[in-house]
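Survey of secondary and tertiary structure
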Amino acid sequence: MTNAVKYASQRVAYPFFIASAALFLLQILFGLIIASQFVWPTFLMDTLPFNVGRESHLNLLVVWLLLGLMGASYYLVPDECETELFSPRLAYVQLATLLLAGVGALTGFWFFGASRGKPFTEAAMPWPWLIALGAVLFLVNVGGTILRAKGRAVQRPGAHSHCADGV
Ligand code: HEM
């Protein structure tokens, strides 16, 4: 693992991948439960009605896809830009923000019946705001990394970086 990264800050990708993989497994679990309810209609019906299992299945899908994409970006962007990530700490804050939004939305579905009813956007307020904040923090971090690479390319015209192309 020691040589797997060129820049130390690429390691922030790992917690994103682990969280993404865990949520993917949870999505499959909910998929299996709601599929079972088609076969045995009373299976877990009192504990986890079909609509609650279905919205859990769909929202977990959205969050694991996002975390996987973000983790991949945090791995690739420093490599392509030949610079450390703008802020590894911001990446951890961003991961915590999205996980908190996910836990909040799921808790709302399971224990408070908090759902807006539309597929993929069932999460009740304020969780969508936290998801939006997580997305903005991600863009700031990736954008900051790219801008820094462009700044360095101006200072070192001979150096090669994919992020600096077109400067
Ligand atoms: C063992 C694995 C899985 C099982 C048993 C399963 C089962 C189900 C069931 C029973 C539904 C509800 C269908 C309905 O409302 O009538 C559903 C919906 C859905 N699942 Fe899964 N699922 C699995 C894995 C996945 C995966 C891996 C993805 C995507 C990467 C996924 C994406 C979706 C989507 C997008 C819907 C909504 C479809 C729609 O409303 O048209 N599922 N799934």
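This text goes with the structure placed above it.
Below: a short report on this structure.

What counts and how
- Residues numbered from 1 in each chain as written.
- Predicted model: local features only at pLDDT ≥ 70, side-chain atom pairs only at ≥ 80, totals over all residues.
- Helix = DSSP H or I, 4+ residues; strand = E, 2+ residues; numbered from the N terminus.
- Rg over C-alpha atoms; globule rule 2.2 N^0.38 Å.
- Buried ≥ 20, exposed ≤ 12 C-beta atoms within 10 Å, placed from the backbone.
- Contact = placed C-beta atoms within 7 Å.
- Near = placed C-beta within 6 Å.
- Nonpolar A, V, L, I, M, F, W, Y, C, P; charged D, E, K, R; others polar.
- Core = buried A, V, L, I, M, F, W, Y, C linked by C-beta atoms within 7 Å.
- Axes fitted to C-alpha atoms, helices over the stretch in contact; angles between N-to-C directions.
- Parallel < 35°, antiparallel > 145°, perpendicular 65-115°, else oblique.
- Left-handed = near helix turned anticlockwise from the far one by under 90°.

1. So, the overall build of the protein
- Counting its regular elements, the protein contains 4 helices and 0 strands.
- Listing every helix and strand of the protein by position from the N terminus yields α-α-α-α.
- Here the C-alpha radius of gyration of the protein, 20 Å, is well above what a compact globule of 167 residues would show, namely 15 Å.
- Reported as C-alpha extents along the three principal axes, the dimensions of the protein are approximately 70 × 35 × 25 Å.
- With 167 residues in all, the protein has 31% of them scored as buried.
- For the protein, long-range pairs separated by at least 24 residues make up 72% of all intrachain contacts whose partners lie at least 6 apart in sequence.

2. A look at the site of the ligand
- Around the ligand, a shell composed of I28, G31, L32, I34, A35, R54, H57, L58, L61 and P119 is seen.
- Those elements giving two or more residues to the shell around the ligand turn out to be α1 (13–39) and α2 (50–81).
- No other element matches α1, which puts 5 residues into the shell around the ligand.
- In the shell around the ligand, the residues fall into 7 nonpolar, 2 polar and 1 charged.

3. Points about the nonpolar core
- F16, L67 and Y74 are the most contacted members of the largest nonpolar core, which totals 33 residues.
- It is α2 that provides the largest number of residues to this core, a total of 10 residues.
- With residues near it in sequence (within four places) discarded, Y74 still touches Q10, V12, A13, F16, L85 and A91.

4. Remarks on the packing of α1 against α2
- Two elements in contact, α1 and α2, have axes separated by 8 Å at closest approach and are oriented at 160°. In this view, α1 runs roughly antiparallel relative to α2, as classed from their interaxial angle. For the pair α1 and α2, the crossing hand works out as left-handed.
- By residue class, the composition of the contact of α1 with α2 is 20 nonpolar, 9 polar and 1 charged.

5. Focus on the packing of α2 against helix α3 (residues 88–112)
- One way to put it is that α2 packs onto α3 with a least axis distance of 10 Å and a crossing angle of 175°. By the angle between their axes, α2 is roughly antiparallel relative to α3. Contacts from V52, E55, S56, N59, V63, L66, L67 and Y74 in α2 reach A91, L98, G102, A105, L106, F109 and W110 in α3.
- Looking at the contact of α2 with α3, its residues break down into 11 nonpolar, 3 polar and 1 charged.

6. Focus on the environment of V5
- Relative to the helices and strands, V5 resides in the segment before α1.
- Judged by C-beta crowding, with 16 C-beta atoms within 10 Å, V5 ranks as partly exposed.
- Each C-alpha atom of the pair V5 and L99 lies 25 Å from the other, and the pair is 94 residues apart in sequence.
- Setting aside its immediate chain neighbours within four residues, V5 contacts Q10 and R11.

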